[in-house]
Amino acid sequence: MDTLVAQLQRQFRDYTISLYHQGFLDDQFTELKKLQDECSPDFVAEVVSLFFEDCEKLIGNMARALDQTGNVDFNLVGSSVHQLKGSSSSVGAKRVKGLCITFKECCDSQNFEGCVRCLQQVDIEYKSLKAKLQDLFNLEQQIVQAGGRIPQVDI
Amino acid sequence: MARDGGVSCLRSSEMMSVGIGKMESPPLELDEVHVLAVDDSLVDRIVIERLLRITSCKVTAVDSGWRALEFLGLDNEKASAELDRLKVDLIITDYCMPGMTGYELLKKIKESSSFRQVPVVIMSSENVLTRIDRCLEEGAEDFLLKPVKLADVKRLRSYLTRDVKLSNANKRKLLEHSVPIQTSLPPPSSPDSSDSSRPLTNSPESSDSSPPLSPVEIFSSPLSSPIDDEDDDVLPSSPESSPTPEESPVRRQKMGSPGLLD
């Protein structure tokens, strides 16, 4: 009979693996986990939280720039996309990063409709990742509260 | 971050939340490695700071080249008496930054009498051979491809501790030996000179650079053969600190395929 801890640990393991397999996360996320320890037990959660704040800010910048009808500064949009691509890469947010690559191409070719589409997709994507990671962190908390240890998951 | 003796551009709430404020730093000791990290991205600053701390470095993180120069006391003419106390063992900087690029910062550091000996490492998300070349020619110690991993920082750390006394002249010689053909690389068809005026755009030259010389060869130590070098290093590895095979080739492989990454 499975204990609560064992069940939660299994859920955590399965969920983590699915996030990688579905391309939400890549090995840079694994790298971040290596930086977490007893002294900094919430390091990953804190970094991704800053990342999501960054997403919100940069997406706001892009939206404003794209809103200047007839006078869109694609360099400005592109520069925000570049920054977003950088930070998504640094936290292992694989899908967001991938969208930024496409988005950058639209900026470079001054493709307005393409940019608007990409902006919408990036917005949806980061929010989706945010929700999923929140679920993951909640699972971790539940495991710890149930007296268990968070398992090391090898992808 | 007054205890680190420098500017940390994290808001204090951020510092507390990532535990940086919680880490009680003792006063800087002479044998502690002190790294100045420069990156305009907050997320990247947090990550590099953590990477460095976890490898036992003291870190001062700033968000621009100007702040870095300010920290080093290089932003004005007069020499500061404080500088005798300021010990910086390594400067690690992002390449693409608004205002002053990492390359420009590198140049200013190498032009200064007080800090030209300090190794400077450049980080970039873009694997551009001409950019790497330019930085190495200007005296950069190493070039890291973002996202930076623990293995990269460990590698830096290993050559830093064994090499802190090595003079800059010797380092350049070693780099020159391992970069035999860099001056004969053909200029890229979209000139790299446009890169510095558009630091934040994804430069088209990444698709243009089809170098005759693989970047792996650029970093080959003179003691090993250029292409199949598994644990190459910017400087010859010492036995106790050579990187494990799975670390270097991954990074080197990445550098060997321009255009594959982004």
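Residues numbered from 1 in each chain as written. Chains lettered and ligands numbered in written order. Predicted model: local features only at pLDDT ≥ 70, side-chain atom pairs only at ≥ 80, totals over all residues. Heavy atoms only, no water.

**Q** Help me understand the overall build of chain A, please; the structure alone is not making it clear to me.
**A** What chain A contains, in helices and strands, is six helices and zero strands. Ordering the α and β elements of chain A from the N terminus gives α-α-α-α-α-α. Here chain A holds 155 residues, and the buried ones make up 48% of them. With an accessible surface of roughly 7900 Å², chain A has 47% of that area assigned to carbon and sulfur atoms. (Helix = DSSP H or I, 4+ residues; strand = E, 2+ residues; numbered from the N terminus. Buried < 20%, exposed > 50% of the residue type's maximum accessible area, 1.4 Å probe, protein only. Areas by Shrake-Rupley, 256 points an atom, 1.4 Å probe, with all protein chains shown as cover.)

**Q** Mind showing me how you'd approach the packing of aromatic side chains here?
**A** Aromatic ring pairs are defined here through the distance separating the ring centres and the angle between the ring planes. The final tally for this structure, using the stated rule, is three aromatic pairs over all chains. Pairing Phe51(A) with Phe52(A) gives two aromatic rings, centres 5.3 Å apart and planes at 50°, and the pair type is tilted. Residue Phe51(A) is classed as buried on the basis of its relative accessible area, which comes to 0%. Members of the aromatic cluster, each reached through a chain of ring pairs, are Phe51(A), Phe52(A) and Tyr126(A). The ring of Phe43(A) carries Arg50(B) above its face, with NZ or CZ at 5.6 Å from the centroid. (Phe/Tyr/Trp six-rings, centres within 6.5 Å; stacked < 30°, edge-to-face > 60°. Lys NZ or Arg CZ within 6 Å of the ring centre and 35° of its normal.)

**Q** Would you mind going over the UniProt feature "modified residue: 4-aspartylphosphate" (unreviewed entry) in chain B with me for this structure?
**A** Residue and element names in this part refer to chain B. With numbering matched to this structure, UniProt assigns "modified residue: 4-aspartylphosphate" (unreviewed entry) to Asp94. By the element assignment, Asp94 lies in strand β3 (residues 90-94). Leaving out residues up to four positions away in the same chain, Asp94 has contacts with Val38, Asp39, Asp40, Gly102, Met123, Ser124 and Lys146. (UniProt positions renumbered as here; feature names shortened; annotations may be inferred. Contact = heavy atoms within 4.5 Å.)

**Q** For this particular structure, what's the right way to read the nonpolar core?
**A** It is characteristic of soluble globular proteins that their nonpolar side chains tend to be buried jointly. Of all hydrophobic cores here, the largest spans 69 residues; its most connected members are Phe51(A), Phe103(A), Leu133(A) and Ile92(B). It is helix α3 (residues 43-66) of chain A that contributes the most residues to this core, 13 residues altogether. Ignoring sequence-local partners within four residues, the contact set of Leu133(A) consists of Leu19(A), Leu25(A), Phe29(A), Val48(A) and Phe52(A). Counting 27 residues, the second-largest nonpolar core is a separate cluster that includes Ala68(B), Val88(B), Cys96(B) and Leu105(B). (Core = buried A, V, L, I, M, F, W, Y, C linked by side-chain atoms within 4.5 Å.)

**Q** What exactly am I supposed to notice about the sheet that holds β3(B) here?
**A** Strand pairing in a sheet takes place through backbone hydrogen bonds and is either antiparallel or parallel in direction. All names here are of chain B. Read from one edge to the other, the open sheet built from five strands follows the order β2-β1-β3-β4-β5, with strand pairing classed as parallel. Only two strands of the sheet have a single partner each, and these edge strands are β2 (57-62) and β5 (142-145). Averaged over all pairs of adjacent strands, the angle between strand axes in this sheet comes to 20°, irrespective of strand direction. For strand β1 (residues 33-38) and β2, the ladder comprises six bridges, and the chain directions are parallel. Within β2, the position partnered with Val35 by the bridge is Val59. Set on the sheet, helix α4 (residues 102-111) makes contact with β1, β3 and β4 (120-124); between it and β4 the angle comes to about 175°. (Pairing = 2+ DSSP bridges. Axes fitted to C-alpha atoms, helices over the stretch in contact; angles between N-to-C directions.)

**Q** It is not clear to me how unusual backbone geometry should be interpreted in this structure. Could you clarify?
**A** Backbone phi values are negative for most residues with the exception of glycine, while trans is the configuration of most peptide bonds. With omega at 0°, the peptide bond leading from Lys146(B) into Pro147(B) counts as cis. By the element assignment, Pro147(B) lies in the loop between β5 and α6 (150-163). Even without being glycine, Gln110(A) reaches a positive phi, approximately 55°. Position of Gln110(A) relative to the elements: it lies in the loop between α5 (94-108) and α6 (112-145). By relative accessible area, Gln110(A) is classed as exposed at 54%. Here the phi dihedral of Ser56(B) falls at roughly 65°; this positive angle occurs in a residue that is not glycine. Position of Ser56(B) relative to the elements: it lies in the loop between α2 (42-54) and β2.

**Q** Teacher, can you tell me more about the pattern of salt bridges here?
**A** Think of it this way: side chains of opposite charge can pair up when their charged atoms draw near. All names here are of chain A. Scanning the model with the defined rule gives 17 salt bridges over all chains in all. Here Lys34 makes a salt bridge to Glu31, at a shortest N to O gap of 2.7 Å. Residue Lys34 and its partner Glu31 are both found in helix α2 (residues 27-34); the two are separated by three residues, about one turn of the helix. Lys34 sits in the partly exposed class, given a relative accessible area of 45%. Of the charged contacts in the structure, one is a salt bridge between Asp54 and Lys57, with a shortest N-O distance of 3.9 Å. Separated by three residues within a single helix, Asp54 and Lys57 lie in helix α3, roughly one turn from each other. With a relative accessible area of 14%, Asp54 lands in the buried category. Residue classification places Lys57 among the partly exposed positions, given a relative accessible area of 48%. (Salt bridge = Lys/Arg side-chain N within 4 Å of Asp/Glu carboxyl O.)

**Q** I would appreciate a short explanation of the UniProt feature "modified residue: Phosphohistidine" (unreviewed entry) in chain A in the present structure.
**A** All names here are of chain A. As annotated by UniProt and renumbered to match this structure, "modified residue: Phosphohistidine" (unreviewed entry) occupies His82. Tracing the sequence through the fold places His82 in helix α4 (residues 74-91). Owing to a relative accessible area of 10%, His82 belongs among the buried residues under this scheme.

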